[in-house]
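Take a look at the letters that make up each chain.
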Amino acid sequence: MWQLLLSTALVLTAFSGIQAGLQKAVVILDPEWVRVLEEDNVTLRCQGTFSPEDNSTKWFHNESLILHQDANYFIKSARVNNSGMYRCKTALSTLSDPVRLDVHIGWLLLQTTNWWFQEGDPIRLRCHSWKNKAVNKVTYLQNGKGKKYFHKNSEFCIPKATHNDSGSYFCRGLIGQKNKSSASFYISIGDPTSPLSSFPPWHQITFCLLIGLLFAIDTMLYFSVQRGLQSSVADYEEPKFHWSKEPQDK
Ligand SMILES: *[C@@H]1O[C@H](CO)[C@@H](O)[C@H](O)[C@H]1NC(C)=O
Ligand SMILES: *[C@@H]1O[C@H](CO)[C@@H](O)[C@H](O)[C@H]1NC(C)=O
Ligand SMILES: *[C@@H]1O[C@H](CO)[C@@H](O)[C@H](O)[C@H]1NC(C)=O
């Protein structure tokens, strides 16, 4: 019962921000790539509303608060342990959705600006080299087949993704005289008309289901407690009624 009250209180706390008309903060990556190599520089920007008294920003890395209060969180020379989920919050904005950043070790990395795509979305792919070393004769491959070749390294853009663009991608090219390849990265293209096929709303769906479940349990408890009270009142009254009726019959 206490656990139930506690979880209801948590849900209500989460709602109170929304009820107070506060907007959700948003974490933006600059540059936009969600996958980077070690020693890259990345700035995470928190977009939210600040109050005149409190212009600080709270940053969370993998759900723990980090000691950084500026709206821009600059990661200089990223390390693998900088990977993970980032969220932020300002005085007049609620906690942002998480943004995932992965830091890899290697010579080449196939970079994307998102973790999931839907049909019709533009997809930017970049064959990024460690410390931005020059790469030439770059090929982007999909499911093992060459899809695009650039004599000088360039981004490969798919203006409007279709299901045929799903698959395992990697890039390769020459760094100096050495032939280097990136690891493969699977790109799946969801169908925007089917809400369950896209990955991002899952946590929201779970959240909504949880709230529905809590209300259902609350309602059930309310009615069973009421019914319990009514039946105990009825049990108590019935003998009294018979008892008072009997003398009149005689
Ligand atoms: C990161 O920034 C520093 C300067 O602050 C620069 O020397 C370095 O080359 C940058 N790293 C990359 C991979 O661009
Ligand atoms: C990552 O590891 C380095 C040591 O290799 C350490 O100095 C740094 O504080 C760590 N960063 C995080 C975010 O844990
Ligand atoms: C790199 O090696 C692959 C085979 O492993 C070859 O097909 C490709 O042509 C080479 N790339 C360059 C730019 O030489």
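Our structure's up above, just so we're on the same page.
One structure accompanies this document, and this report is about it. Not measured: the values here are computed from a predicted model. (Residues numbered from 1 in each chain as written. Chains lettered and ligands numbered in written order. Predicted model: local features only at pLDDT ≥ 70, side-chain atom pairs only at ≥ 80, totals over all residues. Heavy atoms only, no water.)

**Observations regarding the overall build of the protein**
The number of helices and strands found in the protein is two helices and 20 strands. Each of the 250 residues in the protein was classed as buried or not, and the buried ones make up 32%. Here the contacts in the protein between residues at least 6 apart in sequence split such that 61% fall between residues at least 24 apart. Summed over all atoms, the accessible surface of the protein reaches about 16,200 Å², with 59% contributed by carbon and sulfur. (Helix = DSSP H or I, 4+ residues; strand = E, 2+ residues; numbered from the N terminus. Buried < 20%, exposed > 50% of the residue type's maximum accessible area, 1.4 Å probe, protein only. Contact = heavy atoms within 4.5 Å. Areas by Shrake-Rupley, 256 points an atom, 1.4 Å probe, with all protein chains shown as cover.)

**Here we look at the environment of aspartate 102**
Tracing the chain through its elements places aspartate 102 in strand 10 (residues 99–104). Using a relative accessible area of 15% as the deciding quantity, one classes aspartate 102 as buried. With 64 residues separating them along the chain, aspartate 102 and glutamate 38 place their C-alpha atoms 9.7 Å apart. In this structure, aspartate 102 is in contact with Val34, Arg35, Val36, Ser83, Gly84 and Trp115, ignoring residues within four places of it in sequence. There is a polar contact of 2.9 Å between the side chain of aspartate 102 and the side chain of arginine 100. (Polar contact = N/O pair within 3.5 Å; in protein donor to acceptor, adjacent residues only side chain to side chain.)

**Quick look at the site of ligand 1**
Around ligand 1 sit Glu39, Asp40, Asn41, Lys76 and Asn132, and those are all the residues in its vicinity. One of the backbone N or O atoms of glutamate 39 is found 3.3 Å from a nitrogen atom in ligand 1. Measuring from an oxygen atom of ligand 1, one finds a side-chain N or O atom of asparagine 41 at 2.2 Å. The fraction of the free accessible surface of ligand 1 (360 Å²) that becomes covered by protein chains is 47%. Among the residues forming the shell around ligand 1, the class breakdown is no nonpolar, two polar and three charged. (Near = heavy atom within 4 Å. Nonpolar A, V, L, I, M, F, W, Y, C, P; charged D, E, K, R; others polar.)

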